Amino acid sequence: MLPQWIIEKKRDGLPLSEEEIRFFINGYTCGEIPDYQMSAMAMAIYFKGMALDEIAVLTDAMMRSGDLVNTAPIRKPKVDKHSTGGIGDKISLILAPLAACCGVAVPMISGRGLGITGGTLDKLESIPGYRTNLSDKEFIDIVQKCGCSITGQTGQLAPADKKLYALRDVTATVPSIPLIVASIMSKKLAAGIDALVLDVKWGKGAFMKTPEDAGVLARNMVEVGMRMGKGMAALITDMNQPLGRTAGNALEVIESVLALRGEGPEDLMELTMALTTRMLMLAGKVKDYVSGLHLLQEQIRSGKALEVFFEMVRLQGGDVHALEDFSKLPTARFQEPYRSPSDGHVSGVDADLVGRACIVLGAGRKRTEDRVDFAVGVSDLAKIGEPVSKGQPLATIHANDAQKLEEARAMLQKAFTLSDENVPPVPLIRDMILPEGMSD
């Protein structure tokens, strides 16, 4: 079997066998198949696609290209959540301890931000001392102690994906549904979970720009997960405006703590509850959405969810005092309100431009090696449908550099649109892909 024969087959639109896919991925992982042949294969897949059977095998081969996390010592049902990324999306910080309170183990391996999308690890690393480089043993121990842990990907977890993703980035093959599905699912399933809830976003601040494209991606991931024996559910959600009222690492940590206190913004809490309840249902902890919602609300009211979050942070080396006294978190030198130029109603908050403003301020990366400024970002964001008066703040800019503050302000001027008439926001949850028997 020669690599070029397999490339030719996919180039001509023919399905690949399981043996061919595993041969190619194993050969690429160990260096026997060079980058130029993997590039050709990625481009062939980009143009010709893959059937679900092929995608499932590709996912499994990439998952097995390195170490698998042994979660056998964890006796509770193991359920994770994955978001395709957005602006102000800090849900993992709230969801993990909330699900853990209800008897679900959440072993969450997360990533860093790149481009306008913020990374869960960057948010958590804004807490002084918080470690995201846990060994597998530490990771499992923490999940056993408090029910959840959020850490980074080790070098030996799905190494085929790490090599292939870097190659896709420079060969214009990133927007390929089969390659996206295999990339996401191989990393998530390598963590030894029983079930996975997906938050697939669409809109200006998301990778998928239409709900139809997001639906195609969601259905493929759900189907592949089910073929690999996992419980699966997906929500297709709007990311045309930022989620919550903050974007920026330490600012999102603060909003997460407030949410766990029961003081979170309405849209953030709606989506957090929807995703976490699906996790409980997949784990068999509740029978329906309403009972799950009531259970989660009680965990917040009692303070239990916040306690679990504090315990996870403490076990991972973080300074819990910084979560009780926010002045101990990174704080920007300048905090300047961006004020409304007129009376009216907020009719648009462009998530892409808000994300770009955060990148300009230093909250994210333009390249993987860039350093992140944990203190900067945007807070107090006005939401679509809210009335505003001239001079009223539409947002607060947090900056450590005066010139960057000016650049961010110019972007926010374009991000907000106002109208005389009230424009209600579109529904946050556009669609759901649920297993048979799961409903509201």
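The coordinates are above.
What you see is a predicted model; the values in this text were computed from it and never measured.

Conventions adopted
Residues numbered from 1 in each chain as written. Predicted model: local features only at pLDDT ≥ 70, side-chain atom pairs only at ≥ 80, totals over all residues. Heavy atoms only, no water. Buried < 20%, exposed > 50% of the residue type's maximum accessible area, 1.4 Å probe, protein only. Helix = DSSP H or I, 4+ residues; strand = E, 2+ residues; numbered from the N terminus. Arc of directions from axis to C-beta. Contact = heavy atoms within 4.5 Å. Pairing = 2+ DSSP bridges. Axes fitted to C-alpha atoms, helices over the stretch in contact; angles between N-to-C directions. Right-handed = clockwise from strand over helix to strand, strands pointing away. Parallel < 35°, antiparallel > 145°, perpendicular 65-115°, else oblique. Left-handed = near helix turned anticlockwise from the far one by under 90°. Nonpolar A, V, L, I, M, F, W, Y, C, P; charged D, E, K, R; others polar. Core = buried A, V, L, I, M, F, W, Y, C linked by side-chain atoms within 4.5 Å. Phe/Tyr/Trp six-rings, centres within 6.5 Å; stacked < 30°, edge-to-face > 60°. Lys NZ or Arg CZ within 6 Å of the ring centre and 35° of its normal.

Q: Just to check I follow, could you spell out helix α7 (residues 136–146) for this structure?
A: Those residues of α7 lying buried are Phe139, Ile140, Ile142, Val143 and Cys146. Taken down its axis, α7 places every buried residue within 160° of arc, on the same side. Of the residues in α7, the exposed ones pointing more than 90 degrees away from the buried face are Lys137 and Lys145. Elements in contact with the buried residues of α7: α5 (91–100), β2 (106–110), β3 (148–152) and α14 (304–315).

Q: Explain the sheet that holds strand β9 (residues 387–388) here, please?
A: Two modes of strand pairing occur in sheets, parallel and antiparallel, and in both the strands are linked by backbone hydrogen bonds. The sheet built from three strands is open, its strands ordered β9-β7-β11 with antiparallel pairing. Each of the sheet's edge strands pairs with one partner strand only, and the pair in question is β9 and β11 (416–419). Two elements, strand β7 (residues 344–349) and β9, share two bridges in a ladder whose sense is antiparallel. Across the sheet, residue histidine 345 finds its bridge partner in β9, namely proline 387. Strands β7 and β11 of the sheet are contacted by helix α17 (residues 402–415), whose axis makes an angle of about 35° with β11.

Q: Explain the pairing of strand β5 (residues 231–238) to me, please; I cannot follow it from the model alone.
A: The side chains of a regular strand alternate, residue by residue, between the two faces of the sheet. By the criterion of burial, β5 is predominantly enclosed, with seven of the eight residues buried. Where strand β4 (residues 195–202) and β5 come together, eight bridges link them in parallel fashion. In the strand pairing of β5, aspartate 199 is matched with leucine 235. Where the polypeptide runs from β4 across helix α10 (residues 211–227) and back to β5, its parallel neighbour, the crossover connection is right-handed. With four bridges joining them, β5 and strand β12 (residues 429–433) adopt antiparallel strand pairing. Bridged to isoleucine 236 within β12 is aspartate 431.

Q: It is not clear to me how the sheet that holds strand β6 (residues 334–339) should be interpreted in this structure. Could you clarify?
A: Read across the sheet, three strands follow the order β6-β10-β8 without closing on themselves; strand pairing throughout is antiparallel. Edge positions in the sheet fall to β6 and β8 (377–379), since each of these pairs with one other strand and no more. Across the sheet, the axes of successive neighbouring strands diverge by a mean angle of 30°, strand direction being ignored. One ladder, built from three bridges, connects β8 with strand β10 (residues 393–399); its direction is antiparallel. Bridge pairing in β10 links glycine 377 to histidine 398. Sheet strands in contact with α17 are β6, β8 and β10, and its direction is about 25° off that of β6.

Q: I would appreciate a short explanation of the packing of α7 against α14 in the present structure.
A: Relative placement of two packed helices is described by the angle separating their axes and the distance separating the axes. At a minimum axis separation of 10 Å, α7 and α14 run at an interaxial angle of 155°. Classified by the angle between their axes, α7 and α14 sit roughly antiparallel to one another. Crossing of α7 against α14: the hand is right-handed. Contacts from Ile142, Lys145 and Cys146 of α7 reach α14 at Val308, Glu311, Met312 and Leu315. Along the lines of polarity and charge, the residues of the contact of α7 with α14 split into five nonpolar, no polar and two charged.

Q: Help me understand the nonpolar core, please; the structure alone is not making it clear to me.
A: Looking at soluble globular proteins, one finds that nonpolar side chains tend to be buried together. Among the nonpolar cores identified, the biggest contains 146 residues, and Ile127, Phe309, Leu412 and Phe416 are the most heavily contacted of them. No other element matches the nine residues that helix α12 (residues 266–282) contributes to this core.

Q: Explain helix α1 (residues 3–11) here, please?
A: Helical geometry: 3.6 residues make up each α-helical turn, so side chains three or four residues apart lie on a common side. For α1, the full list of buried residues reads Pro3, Ile6, Ile7 and Lys10. Projected down its long axis, α1 shows its buried positions confined to an angular sector of 100°, all on one face. Looking at the buried positions of α1, the neighbouring elements they touch are α2 (18–30), α3 (35–48) and α4 (52–63). Just beyond α1, the residue with positive phi is glycine 13, at close to 80°.

Q: Before we go on, may I ask you to explain unusual backbone geometry in this structure?
A: Peptide bonds are mostly trans, and most non-glycine residues show a negative phi. You will see that alanine 158, though not glycine, has its phi angle at about 50°, which is positive. Inspection of the secondary structure puts alanine 158 in the loop between β3 and α8 (159–170). A residue is classified by how much of its surface remains accessible, and alanine 158, at 0% relative accessible area, is buried. Phi angles above zero are rare outside glycine, and aspartate 380 is one such case at about 55°. You can see aspartate 380 is positioned in the loop between β8 and β9. With relative accessibility at 47%, the residue aspartate 380 sits in the partly exposed group.

Q: Would you mind going over the environment of threonine 272 with me for this structure?
A: Inspection of the secondary structure puts threonine 272 in helix α12. Expressed as a C-alpha distance, the spacing of threonine 272 and isoleucine 91, which sit 181 residues apart in the sequence, is 5.9 Å. Apart from residues lying up to four places away in sequence, threonine 272 is in contact with Ile91, Ile94, Leu95 and Leu98.

Q: Can you help me understand the packing of α5 against α12 in this one?
A: Their axes nearest at 10 Å, the elements α5 and α12 cross at an angle of 40°. With respect to α12, the element α5 is oriented oblique. The two elements α5 and α12 cross, and the hand of that crossing is right-handed. In contact with Ile91, Ile94, Leu95, Leu98 and Ala99 of α5, α12 contributes Leu268, Leu271, Thr272, Met273, Leu275, Thr276, Met279 and Leu280. A breakdown of the residues in the contact of α5 with α12 according to their chemical character gives 11 nonpolar, two polar and no charged.

Q: Please explain the packing of aromatic side chains as it appears in this structure.
A: How two aromatic rings sit relative to each other is given by the distance of their centres and the angle of their planes. Under the criterion given, the structure shown has two aromatic pairs. Plain terms: the ring middles of tyrosine 46 and phenylalanine 47 are 5.1 Å apart, the flat faces sit at 90° to each other, and that makes the pair edge-to-face. When its relative accessible area of 34% is taken as the criterion, tyrosine 46 is described as partly exposed. Directly above the ring of tyrosine 28 sits lysine 163, whose terminal nitrogen or CZ lies 4.3 Å from the centroid.

This is a description of form; function is not addressed.
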